[in-house]
Amino acid sequence: MVINYREVDGLNDNSMFCELCCCDWDGDCPVHGPLKVIQDTKVPPGVGDRKRDVKTLPHFFSTGQSKISESSTGVWADRDLPARHRLGPYEGTLSTDRRQVRTTGYRWKIKKGDRVHHSVNAEDPSCSNWLRRVNCARSEEEANLIPFQHRGLIYFRFVTICFKFGYSCLVS
Ligand SMILES: [Zn+2]
């Protein structure tokens with residue numbers, strides 16, 4: 001069982017998009033610098049803890065029942081957060097089995113160019129982190145997080161200039 005912590009070489013995915021410059025850079029933006037990192041709470045993986053994903057929630061985020069809509073579950077911001085932050089990486093078990101490489105709510109593809117190199121699967125909460133609890137947006141307009149691949153890992157970053165208190169995290 002392999003947790004997706006390690007960086008993978010040779011995927012040619014070193015470029016980073018800067019929202020403020022509106023362009024890709026080879027590495028971090030030379031004007032605005034690297035994205036700020038919101039660290040997971042550190043929890044050892046792969047020990048059969050079914051609540052491991054919840055325990056990795058960083059400060060400023062909650063999961064469970066929505067404060068806005070009682071019928072929905074997901075992840076919420078507990079305070080306003082500025083733009084240019086990075087969440088993740090998305091953790092899970094790695095698979096190169098092409099039959100399993102399909103995008104479900106708990107699986108992301110890692111690509112080399114246009115081809116799928118492997119996938120990261122977060123169906124098991126004991127081997128994944130809180131990002132598995134982030135819901136997918138129903139439309140591009142609704143999304144406030146955008147997924148991106150960098151050095152073989154999947155991260156989410158804020159789309160908006162300011163991520164508002166109480167808002168549900170929704171990834172496009
Ligand atoms: Zn920039």
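Numbering of residues begins from 1 in every chain and follows the order in which that chain's sequence is written. With the structure being a predicted model, the display of local features is reserved for residues of pLDDT at least 70 and the display and counting of side-chain atom pairs for 80 or more, all residues being used for whole-chain, interface and lining totals.

The next thing to look at is the overall build of the protein. For the protein, the count of helices and strands is one helix and 15 strands. In this scheme every C-beta is placed from the backbone, and a residue whose C-beta has 20 or more other C-beta atoms within 10 Å is buried, one with 12 or fewer is exposed, and one in between is partly exposed. Burial analysis of the protein (172 residues in total) assigns 23% to the buried set. Each helix is a run of DSSP H or I of at least 4 residues and each strand a run of E of at least 2, with the numbering of both proceeding from the N terminus.

This brings us to the pairing of strand β1 (residues 15–18). As paired strands, β1 and strand β2 (residues 23–26) are joined by four bridges and run antiparallel to one another. Within β2, the position partnered with Phe17 by the bridge is Asp24. Between the end of β1 and the start of β2, which pair antiparallel, lie four residues, with Cys22 showing a positive phi angle near 60 degrees. At least two bridges found by DSSP between two strands are what make those strands a pair.

This part takes up the sheet that holds strand β8 (residues 93–95). With respect to topology, three strands assemble into an open sheet ordered β8-β10-β9, the strand pairing being antiparallel. Here the strands that pair on one side only, and so sit at the sheet edges, are β8 and β9 (107–112). When the angles between neighbouring strand axes are averaged without regard to direction, this sheet yields 30 degrees. Where β8 lies against strand β10 (residues 115–121), three bridges are found, and the strand directions are antiparallel. Across the sheet, the residue bridging to Thr93 is Asn121, located in β10. The axes are straight lines fitted to the C-alpha atoms, using for helices just the contacting stretch, and the angles between their N-to-C directions are given from 0 to 180°.

A separate point is unusual backbone geometry. That bond from Gly88 to Pro89 is cis: its omega, 15 degrees, falls within 30 degrees of zero. Tracing the backbone through its elements, the reader meets Pro89 in the loop between β7 (85–87) and β8. Positive phi, close to 50 degrees, is recorded for Arg151, a residue that is not glycine. For Arg151, the location among the structural elements is in the loop between β12 (145–150) and β13 (153–158). You can call Arg151 partly exposed: it has 14 C-beta atoms within 10 Å.

Now for the environment of Pro89. On the neighbour-count criterion, Pro89 (24 C-beta atoms within 10 Å) is buried. In this structure the C-alpha to C-alpha distance between Pro89 and Asn129, which are 40 residues apart in sequence, comes to 8.7 Å.

Checked against the element boundaries, Asn135 lands in strand β11 (residues 135–136). Judged by local crowding, Asn135 falls into the partly exposed class, with 16 C-beta atoms found within 10 Å. Asn135 has contacts with Gly74, Ser168 and Leu170, leaving out every residue within four places of it along the chain. Any pair of residues counts as being in contact when their C-beta atoms, constructed from backbone geometry, are within 7 Å of one another.

A word on the pairing of β13. Of all six residues that make up β13, five are buried, and the element is covered over most of its length. Relative to β13, β7 is paired through two bridges, and the arrangement is antiparallel. Its bridge partner being in β13, Leu87 is matched across the sheet by Phe156. In this structure, β12 lies alongside β13, joined through six bridges in antiparallel fashion. Note on β13: the bridge partner recorded for Gln149 is Ile154. Count of turn residues in the β12/β13 antiparallel hairpin: two residues, of which Arg151 carries a positive phi of about 50 degrees.

Without other data, these values stay purely geometric and don't point to any function.
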